[in-house]
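Breakdown of the fold
The lines below spell out each chain.
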Amino acid sequence: MGRMVGKKKSPFVAKLARLAKAIAKAKPKKLHALLFEAFEVFAMAGDVGRAEVVLGWMYGARLPAPTDVATALSTQAMDGFCLAAGLGDRTGGEPRTSFARGKAPSGALAERVAAGEVEVCGRILRDAYARPPATDAWAELPEGDPWRTNDRWRRIQALAREGRRREALDRLVPLVDTWDPEARGAGYGDELVLALDLALELGEAARIPAWIARQGERFGDEAFLVQTALGLPRVARFIAEGGLRDVVRLDEAEREAALRAIDEALDAATSAAPKPAPKVQKRRVLAEYSQVHLGPETLTGEERALVHFQRPDDHALGMSLFPTMVGIGTPSDTDYVDAEVTLSDGDVVALEGVVRAVAFPLVVRGPLLLSSVSGGEDEVLEIPPGTYDVAARFVPKKAPKASASAGLRVFGLLLTFHPAGALGAPRVLVREVDA
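So, here is what we can say about the structure in this document.

Criteria and cut-off values
- Residues numbered from 1 in each chain as written.
- Predicted model: local features only at pLDDT ≥ 70, side-chain atom pairs only at ≥ 80, totals over all residues.
- Heavy atoms only, no water.
- Phe/Tyr/Trp six-rings, centres within 6.5 Å; stacked < 30°, edge-to-face > 60°.
- Helix = DSSP H or I, 4+ residues; strand = E, 2+ residues; numbered from the N terminus.
- Buried < 20%, exposed > 50% of the residue type's maximum accessible area, 1.4 Å probe, protein only.
- Lys NZ or Arg CZ within 6 Å of the ring centre and 35° of its normal.
- Expected span 1.5 Å × (residues − 1).
- Contact = heavy atoms within 4.5 Å.
- Polar contact = N/O pair within 3.5 Å; in protein donor to acceptor, adjacent residues only side chain to side chain.
- Pairing = 2+ DSSP bridges.
- Axes fitted to C-alpha atoms, helices over the stretch in contact; angles between N-to-C directions.
- Bend = angle between axes of the 7 residues up to and from the residue.
- Left-handed = near helix turned anticlockwise from the far one by under 90°.
- Nonpolar A, V, L, I, M, F, W, Y, C, P; charged D, E, K, R; others polar.

**Details of the packing of aromatic side chains**
The full count for this structure, using the stated rule, is 4 aromatic pairs. Summarising the aromatic geometry, the rings of phenylalanine 39 and phenylalanine 81 are spaced 5.5 Å apart at their centres and angled 90° between planes, so their arrangement reads as edge-to-face. Placement of phenylalanine 39 in helix 2 (residues 28-44) and of phenylalanine 81 in helix 4 (residues 74-85) is noted, with a sequence separation of 42 residues between them. The two residues phenylalanine 39 and phenylalanine 81 agree in class, both being buried. Look at tyrosine 388 and phenylalanine 417: their rings are 5.4 Å apart centre to centre, the planes differ by 90°, and that puts the pair in the edge-to-face class. Placement of tyrosine 388 in strand 8 (residues 386-397) and of phenylalanine 417 in strand 9 (residues 409-419) is noted, with a sequence separation of 29 residues between them. By way of ring pairs, the aromatic residues Phe36, Phe39 and Phe81 are connected into one cluster. The ring of phenylalanine 322 has arginine 311 sitting right over it, with the charged end atom 4.9 Å from the ring centre.

Shown next, in the form of structure tokens:
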């Protein structure tokens, strides 16, 4: 919840220290999201120079440019700050959310920020209920009634949606002035962001220091609130110019120490010698829609657009092939598979007891994920980069009671990586009907 901004020790000291510790131990895929959190703190502090340094680390100086968003609004937030602070285009509009995948980036930085502002305004002003209130009946409800709070905010949202922005601000002023800093509010802090935007637009900026003093800690407490604010150009400029510096309360020495700690942590994360892959790597994966997927941990934009089992012969073959990724069809009625992944230097594939088996070519450029359709798995498989023929063999296992009672089976999945060409892939080794 929001609280009065005072002189007590800043919570961002501890937050940046926690981030440094997490970065030092993080897997490569996790680093972008952690560095984005650090960027947010420096951006909130109006520390353009250090925010720029972290952005550089995220986009090529220390790490490859990210392919997965940190949050749904993270790229828009970085773009908004970069435009407001005069840093130029650092992200190129990437990465994009799954909703935006397949769409071209929307032009230059200023164009993307303008489009992002429309989306962020839509989020702030979206009514969570079917019909917005048409009157001020909320004022007749008793204090403490949640509908008094909800409908008051919904009336303001409706006015702003209709373009009646002065009226919306006139209603926001008493709300923000008297809002209990410990009360969350119907808009989860969006009330404050909208008030800042309208005040900056309508010549009421003199009200803002008192709002920040009373309500500013909401920016540290509410998820996405800083990102929402950075998506609005006027508010982003206010933040870049130090408008939230008294919320962050980190002096120059504290910010420099935090940046050095993150720098050292990033060194530790990126220079650690990789552990040798175990001879057998084991994973358990749900067989949703009778398939599991094998592919790169980090997908390119082109790879993200690919969908398995769309070609007519994929199901008959039991595999859906792309150069760097594959969908593997499981035996019917499979609940999950327990996979064992190994490397082989030969071309012998034992098929005794196997109920289904296929061989497919695969190009490996880095860590792989064996995943279900819905994803969520993050424990990578370490396979040396190269081109392989991979054998995928399913062997029966005893199903637990929960699976058996649902009429489902469990299989071991033996994934063996052979030298390219060793298996004559792609080909079917054992069809399920042969078993």
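The discussion continues.
**Some remarks on helix 6 (residues 146-161)**
Along its 16 residues, helix 6 runs 22 Å from first to last C-alpha, staying within 8% of the 22 Å computed at 1.5 Å per residue. Listed in full, the buried residues belonging to helix 6 are Arg148, Asn150, Asp151, Trp153, Arg154, Arg155, Ile156, Gln157, Ala158, Leu159 and Ala160. Tucked inside the fold, the buried residues of helix 6 contact helix 5 (109-125), helix 7 (165-178) and helix 8 (190-201). For helix 6, the side-chain oxygen to backbone nitrogen distance between the N-cap and tryptophan 147 is 2.9 Å, and the N-cap itself is aspartate 145. Directly beyond the C-terminal end of helix 6, a positive phi value near 85° is found at glycine 163.

**A short note on the sheet that holds strand 10 (residues 427-430)**
With mixed pairing, the 6 strands of this open sheet are ordered in space as 1-5-9-8-6-10. Each edge of the open sheet is held by one strand with a lone partner, namely strand 1 (281-286) and strand 10. Between one strand axis and the next, the sheet turns through 25° on average, direction left out of account.

**Some points on helix 7**
Its 14 residues place the ends of helix 7 20 Å apart at the C-alpha level, agreeing with the 20 Å of an ideal helix rising 1.5 Å per residue. By the largest-angle criterion, leucine 172 marks the main kink of helix 7, which is about 25°, and a proline, proline 174, follows within four residues. Here helix 7 has its buried residues at Arg165, Ala168, Leu169, Leu172, Val173, Leu175 and Val176.

**Digging into the pairing of strand 4 (residues 325-329)**
Among the 5 residues of strand 4, 5 are classified as buried, and the element is accordingly described as predominantly covered. Across 4 bridges, the pairing between strand 2 (residues 291-296) and strand 4 is antiparallel. Bridge pairing links histidine 293 to glycine 327 in strand 4. Pairing of strand 3 (residues 319-322) with strand 4 involves 4 bridges; the strand directions are antiparallel. Looking at the pairing, leucine 321 lines up with valine 326 of strand 4. Here strand 3 folds back onto strand 4 in antiparallel fashion, the turn holding 2 residues.

**A look at unusual backbone geometry**
Here glutamate 94 and proline 95 are connected by a cis peptide whose omega angle stands at -5°. In this structure, proline 95 sits in the loop between helix 4 and helix 5. Residue proline 426 is bonded to the preceding alanine 425 through a cis peptide linkage, with omega at 5°. Looking at the secondary structure, you find proline 426 in the loop between strand 9 and strand 10. Even without being a glycine, arginine 249 presents a positive backbone phi close to 55°. In this fold, arginine 249 is placed in the loop between helix 13 (245-248) and helix 14 (252-271).

**Focus on the packing of helix 2 against helix 4**
Taken N-terminus to C-terminus, the directions of helix 2 and helix 4 make an angle of 35°; their axes are 11 Å apart at the nearest point. Crossing of helix 2 against helix 4: the hand is left-handed. Every residue of helix 4 that contacts helix 2 at His32, Phe36, Phe39 and Ala43 is listed here: Ser74, Ala77, Met78 and Phe81. Taken together, the residues of the contact of helix 2 with helix 4 break down into 6 nonpolar, 2 polar and no charged.

**Some details on the sheet that holds strand 4**
The antiparallel open sheet is built from 4 strands, whose spatial order is 3-4-2-7. Of all the strands in the sheet, the pair left with one neighbour each is strand 3 and strand 7 (368-371). For this sheet the average axis-to-axis angle between neighbouring strands, irrespective of direction, equals 10°. Bridging between strand 2 and strand 7 involves 4 bridges; their strand directions are antiparallel. What sits directly across from glycine 295, in strand 7, is leucine 369.

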